[in-house]
Amino acid sequence: MADRPFDAKQYWEQRLGSHEGLVGVGNLSLGPAYVPWLYRVRRRVFKRIVRSSGIDVDGARVLDVGSGTGFYVDLWRSAGAGTVVATDLTEVAVDRLRARGIRAEEVDIGADGQIFDPGSFDVVSAFDVLFHVVDDDRYEQALRNVRRLLRPGGWFVFTDLPVASGSTRRAAHQVRRAESDVLQALERNGLRLETRMPSFVLMEAPAAARRAIWPGVWKALVLAPSRLPVVGPLLGPVLYPVELVLTRVIRRGASIQAFVCMREPD
């Protein structure tokens with residue numbers, strides 16, 4: 001019997017319904033005291049992205065894809081965006097966002113047909129979303145939708161897990177696509193890559209590592225200790241300053257990477 005297709009909506013409804021806050025949207029395999037430190041890194045990397053790429057956030061119309069807890073919605077607001085619209089695949093996330101007074105819509109970015117008008121946004125962001133779009137056709141459709149929603153010259157900011165060498169690696173709810181496939185998909189959809197940088201080097205899983213030994217080393221040195229009652233709460237603050245340095249000095253890492261693209265004119 002053929003395997004049933006992965007039901008992303010059902011998976012995330014159950015996951016977010018069972019785990020509130022950053023733990024639900026973060027890496028469930030890591031200790032709950034460690035996960036918030038990952039989001040401290042994400043906050044710093046976000047500020048670095050905005051500053052270094054020259055995105056004019058002041059008064060911008062921003063669409064955030066896969067908003068979850070609203071972490072990046074809050075960051076866009078703090079950066080000076082004029083309008084920030086949150087979207088999520090799940091009803092549970094949308095309800096929680098609306099309860100916070102955030103405009104939120106239940107949207108599947110990988111589906112054909114969107115509720116927003118073409119060119120409605122100056123910036124579209126999709127942090128830690130696209131590598132969870134396991135179907136390649138839906139991944140391509142997501143990029144088409146992003147281009148449609150952006151004004152010409154608008155910005156697409158996202159994170160992915162590209163494999164620098166070798167073929168695409170697949171798991172149940174995550175895909176590490178070959179870097180060449182990611183870059184070609186962006187080009188096909190008129191999204192010109194402007195800059196990229198590592199979101200993580202050490203603190204998150206090296207899912208796209210070239211050497212097979214590195215994930216095992218990471219599990220022993222980071223994953224397992226993060227779960228321990230005594231060590232877990234100490235690991236985040238110890239690694240946090242190291243990670244901030246590494247994400248500045250290392251150009252490409254084996255973990256999550258941030259990309260900034262500009263929407264080409266028609």
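In case you missed it, the structure is sitting above this.
Reference entry: report on the structure contained in this document.

Rules and cut-offs
Residues numbered from 1 in each chain as written. Predicted model: local features only at pLDDT ≥ 70, side-chain atom pairs only at ≥ 80, totals over all residues. Heavy atoms only, no water. Helix = DSSP H or I, 4+ residues; strand = E, 2+ residues; numbered from the N terminus. Rg over C-alpha atoms; globule rule 2.2 N^0.38 Å. Buried < 20%, exposed > 50% of the residue type's maximum accessible area, 1.4 Å probe, protein only. Contact = heavy atoms within 4.5 Å. Pairing = 2+ DSSP bridges. Right-handed = clockwise from strand over helix to strand, strands pointing away. Core = buried A, V, L, I, M, F, W, Y, C linked by side-chain atoms within 4.5 Å. Axes fitted to C-alpha atoms, helices over the stretch in contact; angles between N-to-C directions. Parallel < 35°, antiparallel > 145°, perpendicular 65-115°, else oblique. Left-handed = near helix turned anticlockwise from the far one by under 90°. Nonpolar A, V, L, I, M, F, W, Y, C, P; charged D, E, K, R; others polar. Salt bridge = Lys/Arg side-chain N within 4 Å of Asp/Glu carboxyl O.

## Concerning the overall build of the chain
Working step 1: Each helix and strand counted, the chain has 9 helices and 9 strands in total.
Working step 2: In terms of overall dimensions, the chain is globule-like: its C-alpha atoms have a radius of gyration of 18 Å, near the 18 Å expected for 266 residues.
Working step 3: Overall size of the chain, expressed as C-alpha extent along the three principal axes, is 50 × 50 × 40 Å.
Working step 4: Counting over 266 residues, the chain shows a buried share of 51%.
Working step 5: The contacts in the chain between residues at least 6 apart in sequence include a share of 72% that link residues at least 24 apart.

## Some thoughts on the pairing of strand β4 (residues 121–126)
A regular strand carries its side chains on alternate faces of the sheet.
Working step 1: A large share of β4 lies buried, amounting to 6 of its 6 residues.
Working step 2: The pairing of strand β1 (residues 61–64) with β4 spans 3 bridges and is classified as parallel. Looking across to β4, one finds that V62 is bridged to V123.
Working step 3: Where β4 and strand β5 (residues 150–160) come together, 5 bridges link them in parallel fashion. Bridge assignment links V123 to a residue of β5, and that residue is W155.
Working step 4: On the question of chirality, the crossover connecting β4 to the parallel β5 by way of helix α6 (residues 136–149) is right-handed.

## Section: the nonpolar core
Working step 1: By size, the foremost hydrophobic cluster in this structure holds 49 residues, and its most contacted members are Y34, I49, W76, V157 and M203.
Working step 2: When residues of this core are traced back to their parent elements, those giving at least two are α3 (35–53), α4 (71–79), β2 (83–88), α5 (91–99), β5, α8 (213–226), α9 (231–249) and β9 (257–263).
Working step 3: It is α3 that contributes the most residues to this core, 9 residues altogether.
Working step 4: Residues within four places of M203 in sequence aside, it is in contact with Y34, W37, L38, V41, W218, V222, G236, L239, Y240 and E243.
Working step 5: Counting 26 residues, the second largest nonpolar core, distinct from the first, contains V85, A142, F156 and L186.

## A short note on the environment of V157
Working step 1: Inspection of the secondary structure assignment puts V157 in strand β5.
Working step 2: For the pair V157 and L234, spaced 77 residues apart in sequence, the C-alpha to C-alpha distance is 32 Å.
Working step 3: For V157, the residues in contact, after removing those within four places along its chain, are I49, I55, W76, V123, V124, S125, A126, F127, F259 and V260.

## Structural notes on the packing of α3 against α4
Each pair of packed helices can be summarised by the angle the axes make with each other and by the distance between the axes.
Working step 1: One can describe the packing of α3 onto α4 by two numbers: an axis separation of 11 Å at closest approach and a directional angle of 40°. Viewed along their axes, α3 and α4 adopt a mutual orientation that is oblique. Crossing handedness for the pair α3 and α4: right-handed. Contacts between α3 and α4 involve Y39, R42, R43, F46 and V50 from the first element and F71, Y72, L75, W76 and A79 from the second.
Working step 2: Its residues assigned to classes, the contact of α3 with α4 comprises 8 nonpolar, no polar and 2 charged.

## Examining the pattern of salt bridges
Working step 1: Throughout the structure, instances matching the rule amount to 18 salt bridges.
Working step 2: For K9, the salt bridge is made with E106, and the minimal N-O distance between the two is 2.8 Å. Taken together, the residues K9 in helix α1 (residues 8–18) and E106 in strand β3 (residues 104–106) connect sequence positions 97 residues apart.
Working step 3: R263 is the salt-bridge partner of D266, the closest N and O atoms lying 3.0 Å from each other.
Working step 4: A residue is classified by how much of its surface remains accessible, and D266, at 79% relative accessible area, is exposed.
Working step 5: Taking relative accessible area as the criterion, R263 reaches 7% and is therefore assigned buried.
Working step 6: Within this structure, K9, E13 and E106 form a network of salt bridges that share partners.

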